[in-house]
Amino acid sequence: MNTLKRRQAQATHTRAGLALAAAFSEAAAEPPRSPALALQRAARHSAAAQKATTKAAQATPKSPVRSAMATRAVQATQVTQASKAPAQAGVTTRAAQALASSIPQPGHALVDADLNDCLHTYEQRVRGRFAAVLDVLRTLSSCQHERDFAAQAQALALQKLGFELPTDWLANAWVAGVDMAALHAHCLFQTVAQSVQQAGFDQSCWRARMPIGPQQWRDWGYHTLDFSPCADGRLQALLPFILRTTPAAHVWVKAYAGALFDVEHDVADWTQRELERLTGAIEGGAQLDYLKVAVYHYSSSAPCEQGCAAHSSQDEQAVQAAIERLVALQMAVDNTFGLGAAPQVLLIGVDTDCDAIRIHLPDASGQIQRTRFLDSAALYRSTLGMAAGKALQTVQQALQRHVAELGGLAAKGNEAGMAALAQAWLIANFSQIEYVNRHHAGRYAVIGHDEAFVCAGEAVPLLHLRNQFYFAHLDTVEEGAADLDVGARIFQGLNVQRGLALPVLVHFTYDARVPGARARAVQRGLRVAQAIRARFAELAERGLLHCRVAVSERQAGSMLEWAEHAVLAAAH
Ligand SMILES: [Zn+2]
């Protein structure tokens, strides 16, 4: 037996039985072989779940800006119109009762209203920066032939945007006007950099209140959360908004069109973390595992038009394709490193109209089924108006019933941990449902695409906003071609048809501990930028492609560093 297999056998023994029995007695699969460890685990799961939900429950009465209860009740019930997802886990009747009730009720007892306030302030602040770009450019457009245009433009940019514009672009404006497409892209990129630089301040409020952080997912048995959402901009607020999960060092977001993640890359990522775990680089690693989460999306109100573009808005296809990737990843690891080595997997669906989620858990045989899931919108409706304790109990019971129907969970002995994480995400998402109710009338005004730019390469770790950018995770343009093509098609409608460019920010991270890593990241970025220009040559020739390369240090990540020579002004 090799080291890895031995580790798997040991890990399975220590995780089995009692931990699950403590929280989900009906779903327990096998007796404990190490009762002491299993009991410790069960206690941790229980304490962590309690902590996360108590935090949410306690938050409700604090917010000074919450509106009157009756108003909240109207907003809270808006989700019933916003989601047409089929109710799951036996909540249909209760949901219908909640819908039928005409008695005004307060907001949901498990919602963290203060956290919602923090997130709203963040959203307003960052969106305000991007909105200012358009305002300034409109003003500049109307005065670009005036004698002191350059001075006026710089003064306005400094005042409204906080940065200067390229002097030589302004100097000759009186001859043929300013290249507004180029200026627009330039300002967008500067605004991204500015938002990254100020993220520490912008995000401090909500980061301090996130219910699901590193300690929680460690308590639930995971050292790494590896998400692959669709590249669609509507999923780019996945962590802090939709899942209320802290963006942290080992929470990876690798987005691909249609959530069709790269299996080989994931095997490599898993292998690296497994090596770190086996060499003791991950504290408490013997008890922890790697969780892969694929995230598909759908539109409850316009399923045939505003679903996943990569799957032609065919929801069934989007779900099935994501399941197949998860199965492929598990098979790849099992076949390469030995049966049982594969990471744990989960599937999440997001209704991009209102940010409600579906969680598909793997059944006892390891299968994730397309039509079996827990639906946060249905659970939210069914528990609306209940006291916090009762609402929590109802969610727990729904989850236990669901797990029992699945015959248990395939979680390598960590059933209780996986269930606790699923429960935490469902309850955390209640806050996002109420956020959309309150600030977006229960459904986003723009349910389709509205991204400002494309990010290619690795995610900008400090920018989290719905529909702010389309994100294609790639190392080379060849491997990410399909994702970029989808992005370019989207921007054909958003920007190009009205004369604005396709702005592409190429971003890679580097590890400062590795000699030469920064220079190599810059070179990779430049190669990708050149390949993008070649792939979209027709746009580039028309001056409608603007591509800029930035890198950031992986651990610190506090600022974007521009590879200035990589400015590919397509008009040249
Ligand atoms: Zn999609």
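Residues numbered from 1 in each chain as written. Predicted model: local features only at pLDDT ≥ 70, side-chain atom pairs only at ≥ 80, totals over all residues.

A. View of the overall build of the protein chain. Tallying secondary structure elements over the protein chain gives 22 helices and 12 strands in all. Every one of the 572 residues in the protein chain was classed for burial, and the buried ones make up 54%. Within the protein chain, residue pairs in contact and separated by at least 24 positions form 74% of the contacts whose partners lie at least 6 positions apart. (Helix = DSSP H or I, 4+ residues; strand = E, 2+ residues; numbered from the N terminus. Buried ≥ 20, exposed ≤ 12 C-beta atoms within 10 Å, placed from the backbone. Contact = placed C-beta atoms within 7 Å.)

B. Structural view of helix H20 (residues 481-494). Given a rise of 1.5 Å per residue, 14 residues ought to cover 20 Å, and the 20 Å separating the end C-alpha atoms of H20 matches this to within 8%. All of the buried residues along H20 are Asp-483, Leu-484, Val-486, Gly-487, Ala-488, Ile-490 and Phe-491. Residues of H20 that are buried in the fold lie against strand E7 (453-457), strand E8 (469-473), strand E9 (502-510) and helix H21 (517-535). (Expected span 1.5 Å × (residues − 1).)

C. Layout of unusual backbone geometry. Unusually for a residue other than glycine, Ala-259 sits at a positive phi of about 60 degrees. By the secondary structure assignment, Ala-259 is in the loop between strand E2 (251-253) and helix H15 (263-278). Judged by the 30 C-beta atoms lying within 10 Å of it, Ala-259 falls in the buried class. A positive phi angle is found at Ser-313, which is not glycine, with a value near 60 degrees. Position of Ser-313 among the secondary structure elements: in the loop between strand E3 (289-298) and helix H16 (315-337).

D. A look at the environment of Ala-208. Looking at the secondary structure, you find Ala-208 in the loop between helix H12 (204-207) and helix H13 (214-219). Along the sequence, Ala-208 and Leu-115 sit 93 residues apart, while their C-alpha atoms lie 8.9 Å from each other.

E. Up close: the packing of helix H17 (residues 376-383) against helix H19 (residues 415-440). Interhelical geometry of H17 versus H19 gives an angle of 80 degrees and a closest axis separation of 9 Å. Relative to H19, H17 is oriented roughly perpendicular. In this structure, H17 contributes Ser-376, Ala-377, Leu-379 and Tyr-380 to the contact, and H19 contributes Leu-426, Asn-429, Phe-430 and Ile-433. Residue composition of the contact of H17 with H19, by class: six nonpolar, two polar and no charged. (Axes fitted to C-alpha atoms, helices over the stretch in contact; angles between N-to-C directions. Parallel < 35°, antiparallel > 145°, perpendicular 65-115°, else oblique. Nonpolar A, V, L, I, M, F, W, Y, C, P; charged D, E, K, R; others polar.)

F. Highlighting the pairing of E3. Taking burial as the measure, the 10 residues of E3 include 10 buried ones, the bulk of the element. Where strand E1 (residues 222-229) meets E3, seven bridges bridge the pair, whose relative direction is parallel. Pairing of Ser-228 across the sheet is with Ala-294, part of E3. Direction of pairing for E3 relative to strand E4 (residues 344-351): parallel, over a ladder of eight bridges. (Pairing = 2+ DSSP bridges.)

G. Focus on the sheet that holds E4. The strand order across the open sheet built from six strands is E2-E1-E3-E4-E5-E6, with neighbouring strands paired in mixed fashion. The open sheet has two edge strands, E2 and strand E6 (374-375), and neither has a second partner. Sheet topology places strand E5 (residues 356-360) next to E6; two bridges connect them, and they run antiparallel. Of the residues in E6, the one forming a bridge with Arg-358 is Asp-375.

H. Broad picture of the pairing of E4. Among the eight residues that make up E4, eight are buried, leaving the element largely enclosed by the rest of the structure. In this fold, E3 hands off to H16, which returns the chain to E4; that crossover is right-handed. As paired strands, E4 and E5 are joined by five bridges and run antiparallel to one another. Considered in E5, the bridge of Leu-347 is made with His-360. The turn joining E4 and E5, which pair antiparallel and follow one another in sequence, is formed by four residues; a positive phi near 70 degrees is taken by Asp-355. (Right-handed = clockwise from strand over helix to strand, strands pointing away.)

I. The arrangement of the environment of Ala-185 in detail. Within the secondary structure layout, Ala-185 lies in helix H10 (residues 180-197). Distance from Ala-185 to Phe-453, taken between C-alpha atoms, is 8.4 Å for residues 268 residues apart in sequence. Residues contacting Ala-185, with those up to four places away along its chain left out, are Ala-501, Pro-503 and His-546.

J. Structural view of the packing of H17 against helix H18 (residues 388-405). Viewed as axis vectors pointing N to C, H17 and H18 meet at an angle of 140 degrees, and their least axial separation amounts to 10 Å. Compared by their axis directions, H17 and H18 come out oblique. In terms of crossing hand, the pair formed by H17 and H18 is right-handed. Side by side, H17 and H18 meet where Leu-379, Ser-382 and Thr-383 of the first sit next to Ala-391, Thr-394, Val-395 and Ala-398 of the second. Residues belonging to the contact of H17 with H18 are distributed by class as follows: four nonpolar, three polar and no charged. (Left-handed = near helix turned anticlockwise from the far one by under 90°.)

K. Structural view of the confidence of the model for the protein chain. With 79% of its residues at a pLDDT of 70 or more, the protein chain has an overall mean of 81. Note on residues 52-105: pLDDT is under 50 here. Beyond four places in sequence and across chains, it has 109 contacts. For residues 565-572, every residue scores under 50 in pLDDT, and the model assigns this stretch 21 contacts once sequence neighbours within four places are set aside. (pLDDT = per-residue confidence, 0-100.)

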